[in-house]
Each structure stands twice: as structure tokens, then as C-alpha cells.
Amino acid sequence: MNEKLTILQKDAIELLRALIATPSLSKEEDQTAAIIKDFLAVRNVAANRVGNNIIALNKNFDPAKPTLLLNSHHDTVKPNPQYSRNPHYAAIEDGKLYGLGSNDAGGCLVSLIATFLHFYEAENLKYNIALAATAEEEISGTGGIEMSLPHLPKIDCAIVGEPTLLQMAVAERGLMVLDCFAHGKAGHAARNEGENAIYKILPDIEWFRSHTFSRVSDLLGASRMNVTVIETENKAHNVVPAGCRIVVDVRVNELYSFEEILETIRQNVSCEVKPRSTRLRSTSIALNHPLVKAGIELGRSYYGSPTTSDKALMPFPALKMGPGDSARSHTADEFIFVEEIEKGIALYIELLEKVVRH
């Protein structure tokens, strides 16, 4: 086991270095998808490619058994403009592996791939194990996990690899972005004509700022709203604006549905409210779920995550957990400790041993 684990850890780190060296912005992950598929093929794992997503099933897949999904993403954001290093040079210095996507979420992805390989040929497991290395997570695109799920068997539960310091994110806020419009009447500012749409929307902005939702989650706290954009169509200073648009970022805990939140908003504001999407819903996994119970037995703590991931798009229980620190995500000179990856692989394997073995 120790020798096998060491090989898995070494190969995972080399795979991550190859991924870092290959640009993989969201919707442009074709080359990293090919790298992952080739990595699996060399190890005699038959994998399918669906768009820029790579999916595989354990060798002894049994359709009569439940299936556990291991998922993380291989797309990245654009490099932070304050980078002092080449974002695609995967240098290892002082135990840190640098590079774009190293922490979010390359370390998690290669750790889950190593875990999948550990169990790939295992027999008599209680669960099938599926792997999905997916695209477009950073933009919540439809060409990632949503595209992949129809090509997988029915999934009963999942581990979603995101940097959580190897603690368990058992709940996650939902995200709903609203475009809100106030309509007035254009006029000349010098003559105080028209109906100023900015002034019409000001009471609504104040309501978004001050309203509190009564149901407070033990894991995620209160649902929150923030006005993040205000704009009109005006280019000139002397025109009373006929229209004003604001954007509202709404973070919803697991105690509310998006429909409830929208109903409350529309009952209290006069502006027109249009949600861009209601896909990224709040999720939670029960504390008595086998994955969570196994994590607790291994000394892991649990918490509610303020950030949104592909977990929001999964219609089954999912535990978000992985090596790395979310505070490093999207930062200049992003890195992950090599030791974090090594510990991540070992912990994932220990966790699954408690869940999938008889």
C-alpha cells in the first residue's frame, strides 16, 4: 500500500505540472482534456470524452450497485494581473507547487484521479466509482458537469474536489444574479424635465441594502443581497435618464428556495426583476450520510461554504472537500503545497475505504 500510494502521489504531481503548463481557460480546455484522457489511457483506463469533459467508470462496474462520483474541474480563470511568475510554469520551490490552477482546483483534481486509480480494479465494492474531470466550472457553464451527467450512470452521491484545507463543506450557498430595471422618462437636466429612473430605483436599492431574511442557517448564516452594479444608458451629463439597471448578487442559504426569495423581492420593490439563472441552488448533505460520517471518524470538521461550485448543479448528495486553501484561489502566484496533495490522496483513499468496502 505505501509503495502504491507513493507512486500515485508522484504521478499525480507530474500530471498537475502538465496541466498547469497547458492553458485551460473556461471553454478552452480541449488540450487539458486530452492530457487527462491520455494519462488514464496509459494506465489502461477506458475513458470517454464528452466535449471537454473526461469521464470513466471503475473496471468492475456493476449496474445493480449505487455509484459514487469523484468530480473536479480542469478549467481556470484568467491569470491575476499581479502575477510575478509565469502562470504556466509549474515550479516547485520550498514545498510549494506554483502555477495557474494549482490550488483551484488542480490539486483536488489530480488527487481524485489518483484515488480513482487506487480503486479502479478493486472487486466486491459496495459502490461503483465514477470519475468526471469537467470543464467550465469557473463560469458555471452548461458545457461542464451538466453536459457530463447524462453520459454517466445514475449517481447516488459525490465528492466534489475544491480547496477546503481537507475539511468537509457539507453545505453551500446558492447564487442568484438579478437584473433589476427602473423606467422613467428622458428630459433635459437643465430644465429639470423628465422622470429620473435613478431616483425611482433608489428606494429599491435601500431595500436590498437593509432587508434581512429571517431564516438563519446554522451552517451558512443568513441569506444576503448586495447591489453590485448601477448603470444607465446615458453618455451625456445633461440628460435625465429614462432607464436605470442595477445588478443584485443574492446568496441563498439552504433554508430558502430561489422562488421564495424572488417572491419576497417582488413584493417589496417597484423595479422590474429578472433572474439571469436559477441553476446554482443552495445544497447540503446530511451529517449522517456515509461520506460525512466517514470524514468525522477520520477527524475532519465540517462547515458551510460561502462559495459556489459545481456541487450546486448536482441533484444528489455531494460533499465538497479537497487539498488546498480557497483563500489562494484566483490570487497572483497561486500555489499549493506538494504535501497537501500527498495528504489529500491519502485522505480520499481512507475516506472511500470506509464507504465502499464491505
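Here is what the cut-offs are and how they apply
Residues numbered from 1 in each chain as written. Predicted model: local features only at pLDDT ≥ 70, side-chain atom pairs only at ≥ 80, totals over all residues. Heavy atoms only, no water. Core = buried A, V, L, I, M, F, W, Y, C linked by side-chain atoms within 4.5 Å. Buried < 20%, exposed > 50% of the residue type's maximum accessible area, 1.4 Å probe, protein only. Contact = heavy atoms within 4.5 Å. Helix = DSSP H or I, 4+ residues; strand = E, 2+ residues; numbered from the N terminus. Pairing = 2+ DSSP bridges. Axes fitted to C-alpha atoms, helices over the stretch in contact; angles between N-to-C directions.

Enquirer: Where do I start with the nonpolar core in this structure?
Expert: The nonpolar side chains of a soluble globular protein tend to be buried with one another. Core analysis: the largest hydrophobic core is formed by 59 residues, its most contacted members being Leu40, Leu70, Leu97, Ile113, Leu319 and Val356. Setting aside residues up to four positions removed in sequence, Ile113 forms contacts with Leu15, Ile36, Phe39, Leu40 and Leu131. Met225, Cys244, Val252 and Tyr256 belong to the second-largest nonpolar core, a separate cluster that totals 24 residues.

Enquirer: Where do I start with the environment of Glu136 in this structure?
Expert: Tracing the chain through its elements places Glu136 in the loop between β6 (128-134) and α4 (145-148). By relative accessible area, which is 9% here, Glu136 ends up buried. When the C-alpha positions of Glu136 and Val50 are compared, they lie 13 Å apart, and in sequence the two are 86 residues distant. If sequence neighbours within four positions are ignored, Glu136 has contacts with Ser26, Lys27, Glu29, Asp75, Gly141, Thr142, Gly143 and Gly144.

Enquirer: Explain the sheet that holds strand β14 (residues 272-275) to me, please; I cannot follow it from the model alone.
Expert: Backbone hydrogen bonds hold the strands of a sheet together, and the pairing may be parallel or antiparallel. Pairing in this open sheet of four strands is antiparallel, and the strands run β11-β13-β9-β14 from one edge to the other. In this open sheet, the two edge strands, each paired with only one partner strand, are β11 (224-232) and β14. Averaged over neighbouring strand pairs, the angle between their axes works out to 25° when direction is ignored. Strand direction decides the pairing type here: strand β9 (residues 174-183) and strand β13 (residues 243-252), joined by 10 bridges, are antiparallel. Following the sheet pairing, Phe181 is matched in β13 by Arg245. Relative to β9, helix α6 (residues 258-268) is tilted by about 25°, and along the sheet it contacts β9, β11, β13 and β14.

Honestly, it's all geometry; don't read function into it.
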